[in-house]
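Geometric and topological summary
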Amino acid sequence: MYQVSAVTFLSVLGITDQPVFGLVVTGTIGAITMAWKTNGQIYVMERNVRNYDIRDPLQALQFVSILPRLARHGADLLKLLKKPLAISDVEEWSKLYQRPADEAWLEAEKEKAEARSKEDEKRKREEEASTKADLVATESDAESEEE
C-alpha cells in the first residue's frame, strides 16, 4: 500500500516507469517487493519473490548485497525527483509542522512532559526523605532496645 502511494506521488510529479521498492517482513523472514506505474496502470510485484531468512548467514549476506543497489537506485530517483521540485514553489516542510494546530499541540505536549518530569522528581525526593526517616526511626528503635 505504501508503495502504491509512493508510485502515485511520483506519477503526479511526472516520474513514471521507475520502480519503488519495499520490504515485507514477518519475524526473521523478509522479501523485497516492487511497484511501478506504466501507461496509467500501477503494477505491484509481491508474489513469487525471493524470501530471505536473516538467521541463515548466507541468506543474510545475499540480502545485504542487494541494499547498495537499492541505495544507488534511490539516489538516481532522488535526482529525478529534484527536477520537478526545483521548479515548484513548495517550501521545505516537516510532517510535524503542517498546521498551526500541530505546533500548538506539540507545545502542549512538551509542557505536559515537563510537568510530569517535575512531579516525578518531587515524588522521588519525597520517597527518599521518607526512606531516610524510616531508617533513622529504625536505628533509634534499635538503640533504645540495646539500652
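Residues numbered from 1 in each chain as written. Predicted model: local features only at pLDDT ≥ 70, side-chain atom pairs only at ≥ 80, totals over all residues. Heavy atoms only, no water.

**Let's talk about the overall build of the protein**
Rule in force here: The secondary structure listing takes helices from DSSP runs of H or I that are at least 4 residues long and strands from runs of E that are at least 2 residues long, numbered from the N terminus. Burial status follows relative accessibility: with a 1.4 Å probe on protein chains alone, a residue under 20% of its type maximum counts as buried, one over 50% as exposed, and anything between as partly exposed. In what follows, a contact means two residues having at least one pair of non-hydrogen atoms within 4.5 Å. Using the Shrake-Rupley algorithm and a 1.4 Å probe, accessible areas are obtained, with residue cover drawn only from the displayed protein chains.
Counting its secondary structure elements, the protein contains three helices and four strands. The order of helices and strands in the protein, counted from the N terminus, is α-β-β-β-β-α-α. Across the 147 residues of the protein, 18% fall into the buried class. Considering only residue pairs separated by 6 or more positions, the protein has 38% of its internal contacts joining residues 24 or more positions apart. For the protein, the exposed surface amounts to about 12,100 Å²; the carbon and sulfur share of it is 56%.

**Some thoughts on helix H1 (residues 2-12)**
Heads up, the rule is: To be clear, the arc concerns the directions from the helix axis to the C-beta atoms.
All of the buried residues along H1 are Gln3, Val7, Leu10 and Ser11. Looking straight down H1, one finds that the buried residues subtend no more than 100° of arc, so they occupy a single side. Of the exposed residues in H1, the ones pointing more than 90 degrees away from its buried face are Tyr2 and Val12. After H1 finishes, the residue Gly14 shows a positive phi value of roughly 90°.

**Details of the pairing of strand E1 (residues 20-26)**
Selection criterion: For two strands to be treated as a pair, DSSP must find no fewer than two bridges joining them.
Taken together, the seven bridges between E1 and strand E2 (residues 29-38) define a ladder with antiparallel strand orientation. Residue Leu23 lies in a different strand from E2, and its bridge partner there is Ile32. Here E1 hands over to E2 after two residues, with Gly27 in that stretch at a positive phi of 65°.

**A closer look at the packing of aromatic side chains**
The way to describe two aromatic rings as a pair is by their centre distance and the angle between their planes. Basically, it comes down to this: A pair of aromatic rings is counted whenever rings of Phe, Tyr or Trp (Trp by its six-membered ring) have centres within 6.5 Å, and the orientation is called stacked for planes under 30 degrees apart, edge-to-face for over 60 and tilted otherwise.
Applying the stated rule across the entire model yields two aromatic pairs. Measuring from ring centre to ring centre gives 5.6 Å for Trp36 and Tyr43, while their planes differ by 25°; the resulting arrangement is stacked. Looking at Trp36, the relative accessible area reads 24%, which means it is partly exposed.

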